[in-house]
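# A structural walkthrough
Residue strings, one per chain:
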Amino acid sequence: MEPGSGLLWGLEPFIHQVGGHSPLFCLDAATVCKPYEEREHSFYSSMPDCLQAYTPQFKGSMQVHITEDQDGYITLRGFPPNSYQNKHRQAGSNSKPKMRLKRCGSIEIESEVGDHCDQYFTDEKVKGEKLYNPWALKCHRDNLKKVGIHLLKAPSPTLDSPACQQYILLENLTSKLRHPCVLDLKVGTRQYGDGASASKKMSKNAKVASTTSGLLGLRLGGMQVYQVSLGRYICRTKNYGRGLTADGLKSALRQFFCNGLLVRTDVIQALLVKLSQLQQLLAGLDSYRFYTSSLLVTYDGSSSYQTGSLEWSPVPRNSFSTSSLLLIAGSDSCQARETGRARHRSAHMAQAQHVSDGPRKRSLSVSNDHSTTRDHMDRLFDRRELVDMRLIDFAHSTHRGLKDASVHEGPDQGLLFGLDSLVTILREIEQTAGRHGVV
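Residues numbered from 1 in each chain as written. Predicted model: local features only at pLDDT ≥ 70, side-chain atom pairs only at ≥ 80, totals over all residues. Heavy atoms only, no water.

### Quick look at the pattern of salt bridges
- Under the definition given, this model contains 12 salt bridges.
- Between Glu-129 and Arg-232 there is a salt bridge, with the nearest N and O atoms lying 3.5 Å from each other. Here Glu-129 is found in strand β9 (residues 126-130), whereas its partner Arg-232 is found in strand β13 (residues 232-237), with 103 residues between them in sequence.
- The buried category is assigned to Arg-232, whose relative accessible area is 17%.
- Residue Asp-142 pairs with Lys-138 through a salt bridge whose shortest N-O separation is 2.8 Å. Taken together, the positions of Asp-142 and Lys-138, both in helix α4 (residues 134-146) and four residues apart, correspond to about one turn of that helix.
- You can call Asp-142 partly exposed: its relative accessible area is 31%.
- Judged by its relative accessible area of 37%, Lys-138 falls in the partly exposed class.
- One network of salt bridges, with partners in common, ties together Lys-34, Glu-40 and Asp-393. (Salt bridge = Lys/Arg side-chain N within 4 Å of Asp/Glu carboxyl O. Helix = DSSP H or I, 4+ residues; strand = E, 2+ residues; numbered from the N terminus. Buried < 20%, exposed > 50% of the residue type's maximum accessible area, 1.4 Å probe, protein only.)

Structure, rendered in structure tokens:
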């Protein structure tokens, strides 16, 4: 890679990372950076045109310098390829990042966003609300240890020899979303590459057998879903996903498509169309194997959808009690569900009345009759634009063109099996949304 000219470009932590083990950084609003893996780089570089619509856009690679100053701030800067710089001129490359890493006893993500922020993240395993997905911080801490920046050790007085890492540049799939709902699903029945050792194969096979990967070809790798009723994200990690039964995974997927007021059947229907297209494509791809890859699903959980004179206004965050949290967390208490539903209806009706007294805007009523909402959405949106879906993580993928020692025949049946399971689950969620929805 030929380095670019001019100023170094600064990176900041990507706050919407839900899974994986490698940290993600933002180079700019449209681009994320991920630590370089030779096989993944080769896979992106040799990808056929037909797959490019189902993977993040690959934008090259660059070397990144990691330094820590005497105040404990950890800075990552690098030169993007000239081809990238020519297309994406960065304004204010020396400006202060909105999010940055700092040593505060341990490594933390420090925010510079001020008091006007509507992005709060909650995880049942992490105390308090954060301004980033807690999983992202774990990945950053692990990576800093890997490059030699110790979490509890004071910064070195000499900063002349910064740590260096190579990164690949990929499309930021959340850049156009106000409140990104992100789902990482490990897809397939084999979770190791062709070069894995015997012990690695044994441990990975045991993990598949003990999780939903063996039964369904699917495992939750992490997710965040924005709850308009609470004004925050609910986060789940891969550790949570490993403990789920088949029914538990179905419940988690239903939760991902629920915004706290209703199940987003419009998003599910749009995703089913895209999944069908992806299945047809993969069924015809000879020799391709996507071992350990994930399916990343994103949609906007934003609290407002406006087109013309139609607006859906959410209930204010403070209108809900802790019973809403029980509801969203999947509580099986019928009393809690009914209490929550009643409060949702009451608060939303009050909000709808308030909106009707103002400018001439109609609020979509949130009720068990999803057909009205569905008809409105059909007219207002191209369903395909409601949701995005990409295959990601190709560090163990292969195909005939890479000239590996092992060459496979036919399509990736394990991946197709996982996608079939996902389609079945989504159809079930859609069909039962009116009967089991939170409203």
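Read on for the rest.
### Quick look at helix α8 (residues 246-256)
- Burial analysis of α8 places eight of its 11 residues in the buried class, which makes it a mostly covered element.
- Ala-246, Gly-248, Leu-249, Ala-252, Leu-253, Arg-254, Gln-255 and Phe-256 are the residues of α8 that are buried.

### Side note on the packing of aromatic side chains
- Applying the stated criterion across every chain yields a total of 13 aromatic pairs.
- Ring centres of Phe-25 and Tyr-167 lie 6.0 Å apart, and the angle between their planes is 75 degrees; on these two criteria the pair is classed as edge-to-face. Of this pair, Phe-25 sits in strand β2 (residues 25-28) while Tyr-167 sits in strand β10 (residues 163-171), and the two are 142 residues apart along the sequence. Accessibility classification places Phe-25 together with Tyr-167 in one group, the buried group.
- Linked through ring pairs, Phe-43, Tyr-44, Phe-58, Tyr-288, Phe-290 and Phe-394 together constitute an aromatic cluster.
- Its guanidinium or amino end placed over the ring of Tyr-291, Arg-190 lies 3.9 Å from that ring's centre, counting from NZ or CZ.
- Seen from the ring of Tyr-240, Arg-236 lies directly overhead, with NZ or CZ sitting 5.1 Å from the centre. (Phe/Tyr/Trp six-rings, centres within 6.5 Å; stacked < 30°, edge-to-face > 60°. Lys NZ or Arg CZ within 6 Å of the ring centre and 35° of its normal.)

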